[in-house]
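# Inside the fold
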Amino acid sequence: MEHKDHDKVFFATFGAVLAALGAFFVICIVAARSLVPDSQPDPDAVVKLEERIRPVGSAVTDPAALVKVAAKTAREPYTADQVLEKYCNACHMAGVMGAPKEGDKAAWSARAAADGGLDGLTAIAIKGKNAMPPRGGGADLSDDEVKAAVGAMLKKSGL
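Just so it is clear, the structure is predicted and the values come from calculations on it, not from any experiment.

What the rule picks out here adds up to six salt bridges. Between Lys-8 and Asp-5 there is a salt bridge, and its shortest N-O distance comes to 3.5 Å. Where Asp-115 meets Lys-129, a salt bridge forms, and the shortest distance between an N and an O atom there is 3.8 Å. A residue pair is termed long-range when its members are at least 10 positions apart, and Asp-115 in helix α5 (residues 105-115) and Lys-129 in the loop between α6 (117-127) and α7 (143-156) qualify at 14 residues. On the basis of relative accessibility, which here comes to 25%, the residue Asp-115 falls in the partly exposed class. Among the residues examined, Lys-129 registers a relative accessible area of 33% and is labelled partly exposed.

The structure is reproduced here in structure tokens:
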């Protein structure tokens, strides 16, 4: 038997199927709620779970906050050579990513002339430039320690 109005038949059938699926869904939910008792979790188990999933540590990525956190840690000031060894030499000894090499008088002379000498280079080192992070990656370094390290770098480069 052919129907002249196929759309009406389709939508009526489709609606009936959706209604049957919806009723089946409601029946499943009611059956699940009646079969599983409503229970409170064991307090000891909750404490153990929270202990297992608590974060191991936290990460501070804001440079200003890093300086504040680092400033709370009291330590003896680093010498210029200690700063160079700990932070600067990793890049400036090999010239990583365009960093002027320690001892390259021409490169350091050009930088010093373009950026305002020791004070200008110190300001750049404190702020960071290109791939170099602020304070060369030593967030706990004071301005004086950075300035001493820049001065030592220039001295080792013959300036």
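A cluster of nonpolar side chains, Phe-10, Phe-11, Phe-14, Val-17, Leu-18 and Leu-21, forms an exposed patch at the surface whose accessible area comes to about 630 Å². Topologically, Phe-11 is positioned in helix α1 (residues 6-35). Looking at Phe-11, the relative accessible area reads 55%, which means it is exposed.

Under the definition given, this model contains two aromatic pairs. Aromatic side chains Phe-10 and Phe-11 sit 5.3 Å apart centroid to centroid with 70° between the ring planes, which places their arrangement in the edge-to-face category. For the pair Phe-10 and Phe-14, a centre-to-centre distance of 5.8 Å together with 10° between the ring planes defines the contact as stacked. Here Phe-10 and its partner Phe-14 are both found in helix α1, four residues apart, which amounts to about one turn of the helix. A residue is classified by how much of its surface remains accessible, and Phe-14, at 43% relative accessible area, is partly exposed.

Glancing now at the packing of α5 against α6. At a minimum axis distance of 7 Å, the contact between α5 and α6 shows a crossing angle of 90°. As the angle between them shows, α5 and α6 are arranged roughly perpendicular. In this structure, α5 contributes Trp-108, Arg-111, Ala-112 and Asp-115 to the contact, and α6 contributes Gly-117, Gly-120, Leu-121 and Ile-124. Of the residues belonging to the contact of α5 with α6, the class tally is four nonpolar, two polar and two charged.

With that settled, consider α6. What α6 keeps buried is the set Gly-120, Leu-121, Thr-122 and Ala-125. Looking at the packing, one finds that the buried side of α6 touches α5 and α7. The first or second residue beyond α6 is Gly-128, which carries a positive phi of 100°.

Definitions and limits used
Residues numbered from 1 in each chain as written. Predicted model: local features only at pLDDT ≥ 70, side-chain atom pairs only at ≥ 80, totals over all residues. Heavy atoms only, no water. Salt bridge = Lys/Arg side-chain N within 4 Å of Asp/Glu carboxyl O. Helix = DSSP H or I, 4+ residues; strand = E, 2+ residues; numbered from the N terminus. Buried < 20%, exposed > 50% of the residue type's maximum accessible area, 1.4 Å probe, protein only. Patch = residues over 30% accessible without salt bridge, like charges linked within 9 Å, V, L, I, M, F, W, Y side chains within 5 Å. Areas by Shrake-Rupley, 256 points an atom, 1.4 Å probe, with all protein chains shown as cover. Phe/Tyr/Trp six-rings, centres within 6.5 Å; stacked < 30°, edge-to-face > 60°. Axes fitted to C-alpha atoms, helices over the stretch in contact; angles between N-to-C directions. Parallel < 35°, antiparallel > 145°, perpendicular 65-115°, else oblique. Contact = heavy atoms within 4.5 Å. Nonpolar A, V, L, I, M, F, W, Y, C, P; charged D, E, K, R; others polar.

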